[in-house]
Amino acid sequence: MHVIGVDVGGTNTDAVLLRIDSDQSPKVVATAKTVTSADVFSGMLHVVRQVINDMEIAAIMVGTTHFVNALLQRQGLAKVCTLRLCGPATHAIPPMTNWPQDLKNAVNGLTAFVSGGFFLDGSIITPLDEDEIRSLVRRALTLDISSFCVCGVFSPCQTDQEERVAEIIHEESSTAYITLSHEIAGLGLSERENASILNASLRPLAIRTIRALQGTLPRRIPLFLTKNDGTLLSAEDSMRWPVFTFASGPTNSMIGAAYLSGIDNGIVIDVGGTSMDIGFIVNGRPRQTQANVRLIDDIRVNVSVSDIVSLPLGGGTIIHVNENDGSIRVGPDSVGYRLDQAALAFGGQTITATDVALAAGLTSGIGHSTVKLSSSIVEQVLDYIKQSTTRNIDRVKTNEESVPVILCGGGSILIDINQAFAGVTKIIRPAHYAVCNAIGAALCSISATIDSIVDLLPSSIDGGEQRKSEAKFNHRSDAIQAVARAGHGRVLVSDGKVISVERHTTAGFARGHLTIETVGRNLVIDFQNENLIARFDDGEILATVPDLITLVEQDSAEPVSTETIKYGYRVSVLVLPAPEAMTTPRALETVGIKAFGYDLPNYEYIPSHAPINSVWDVFYKKDIDV
């Protein structure tokens, strides 16, 4: 049996022909690569024709960024009528809260809070008012809105209200596109609603795109799209649920890397034309996550995707050189699919990361022009690449053990496999590494998902140049300092790495401690849901409750909770003083460190609170005084 895997990336489109026999491992028969065409389809057809070789093909599996690119570029999106079934609940946070305004304008056709919704136990908030819903559907249709998103409060627990609303919409319009949120994601209203609205906005585009693909390819060959979790969607289901294909590219590369290398557990680094994706494979499959998932524009969703770290670093990344002092800035912009026109190696005028790799002797045979760059530029760029790679290898690891690293993607030539990387046993770049994504797409399998919501009995579960390259670019560090100043607090650790986390759940509390590696010595923080005490490993106490001990992730400048902190996080540690009312002797009996069972005879808590102006004082009092 032969199958074809295709990867349509932002820079290149790849295809592979695999022979799959029941008694043998899959074998790569043919490969092809071309620059991604503006219309997507012609480039894809070109590479498929190159590998098909008159073979009998059982199926074509396609991984594509087409739909996520449509959202990023705000093109081809449908206006959506969003109906939240909630009764009087949840009105404080409307749909699409915190979306970028331009994307919201492109997608938001009509939004309404309507009757319906459930409590967690399945009891009804309010019954459906079918006349109300029918009236809104008719209003949307008169506004030429044909894509609907139906999202009910706790609908994954009870789906009948969403299904009845879908029936009403179909009664009013047999051609309407309907997305039901319980088919998209599980519990978590805002995240599920976000994913469902994104899906609804892409439904018409998905139908046009996939029908065009079906028309382009030989009709007798079944077409599948690859999902975020490394499994397959039929063409029909892809037209219904395009949101499930958003993050399939990195997932496919990890599956392909595991197959090509024979390594089942380790780190995969996939470098394309515009980005670097770093993820972890466990037993040959990508490690998945549903926590804190942001598909685009920092919009939170709760669909399952591969647990990866993405960097704006690829073969087409532009290298900016400061002519005054010779310093460099790497990206984040890229020439993308224009690499064969813009890069120095092709006679262009733009220094790209590929040009640096050629000048450094990491690769050869690319382009038709000789690339000459100063040793200073080459060394700075390679140093930046190594630092970024090392830092983010740590982020995807879950412990200190050294692991193998597999390089794939055409842009992986940027990484010198002969260099030593901390925490890495070996680095390999397997055969066919440049078409790893397409191989992974061909190896994706079918799957099924069953969500079950049950009541659980209480249980215990054990659970110089460097500064330049990190200048982006400095405003994150400034934000951390600003938080400390605003709260009249202080920064205990400005740059630390979490090297161990131990937690367990007892009596309803998440208890444990974490260790942060700093310059010279380690900081240990004990927690019980919240952070209780921060001290160096030699016993010196730096802070305790009731002061607020806060961990902030350096890369996002966002706080990190005790439930989500894990090995490899780069963090700053802040201490914000408690309000005066919580620092009295009587209050300390309840919220002080002794109240949590600590006997520290040589330690005395000293309040450091400062007066904090009220909202009235800041915004209104001055106007009254005037």
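Note that the coordinates shown come from a computational prediction; the quantities given were computed from them, not determined experimentally.

Parameters at a glance
- Residues numbered from 1 in each chain as written.
- Predicted model: local features only at pLDDT ≥ 70, side-chain atom pairs only at ≥ 80, totals over all residues.
- Heavy atoms only, no water.
- Pairing = 2+ DSSP bridges.
- Helix = DSSP H or I, 4+ residues; strand = E, 2+ residues; numbered from the N terminus.
- Axes fitted to C-alpha atoms, helices over the stretch in contact; angles between N-to-C directions.
- 1 Å grid on protein atoms, 1.4 Å probe; cavity = no way out; pocket = protein on both sides within 12 Å on 5 of 7 lines; lining within 4 Å.
- Points joined across faces, edges and corners; volume = space filled by probe spheres on them.
- Nonpolar A, V, L, I, M, F, W, Y, C, P; charged D, E, K, R; others polar.
- Buried < 20%, exposed > 50% of the residue type's maximum accessible area, 1.4 Å probe, protein only.
- Contact = heavy atoms within 4.5 Å.

So what's going on with the sheet that holds strand S10 (residues 232–234)? Residues and values would help.
Spatial strand order, S3-S2-S1-S4-S9-S10: six strands in an open sheet with mixed pairing. Each having just a single partner strand, strand S3 (27–35) and S10 make up the two edges of the open sheet. Across the sheet, the mean angle from the axis of one strand to that of its neighbour is 25 degrees, orientation sign disregarded. Here strand S9 (residues 223–226) pairs with S10 via three bridges, running antiparallel.

So what's going on with empty space enclosed by the protein? Residues and values would help.
In this structure, the largest cavity occupies an estimated 50 Å³ of space. The wall of the largest cavity is formed by Val-8, Val-40, Phe-41, Met-44, Val-62, Thr-64, His-66, Phe-67, Thr-209, Leu-213 and Leu-225. When residues of the lining of the largest cavity are traced back to their parent elements, those giving at least two are helix H1 (41–52), strand S4 (57–64), helix H2 (66–73) and helix H6 (189–216). Looking at the lining of the largest cavity residue by residue, the class counts come to eight nonpolar, three polar and no charged.

Can you break down the pairing of strand S7 (residues 147–152) residue by residue, with the values?
Counting buried positions along S7 gives six out of six residues, so the element sits mostly inside the fold. Of the two faces of S7, both are covered, the one formed by Ser-147, Cys-149 and Cys-151 as well as the one formed by Phe-148, Val-150 and Gly-152. In terms of strand pairing, strand S5 (residues 80–85) meets S7 through six bridges, oriented parallel. Bridge pairing in S7 places Arg-84 opposite Cys-151. Where S7 meets strand S8 (residues 177–180), four bridges bridge the pair, whose relative direction is parallel.

Please give an account of the sheet that holds S5 that cites residues and values.
Hydrogen bonds between backbone atoms are what pair the strands of a sheet, whose relative direction is either parallel or antiparallel. Spatially, four strands are ordered S6-S5-S7-S8 in an open sheet, and the strand pairing comes out parallel. Of all the strands in the sheet, just strand S6 (108–114) and S8 have a single pairing partner and so form its edges. On average, each strand axis in the sheet is inclined to that of its neighbour by 15 degrees, with strand direction left out of account. Bridge count for S5 against S6 is six bridges, and the pairing is parallel. Opposite Cys-81, over in S6, you have Leu-110 as the bridge partner. Across the face of the sheet, helix H4 (residues 130–142) comes into contact with S5, S6 and S7 while running at roughly 175 degrees to S6.

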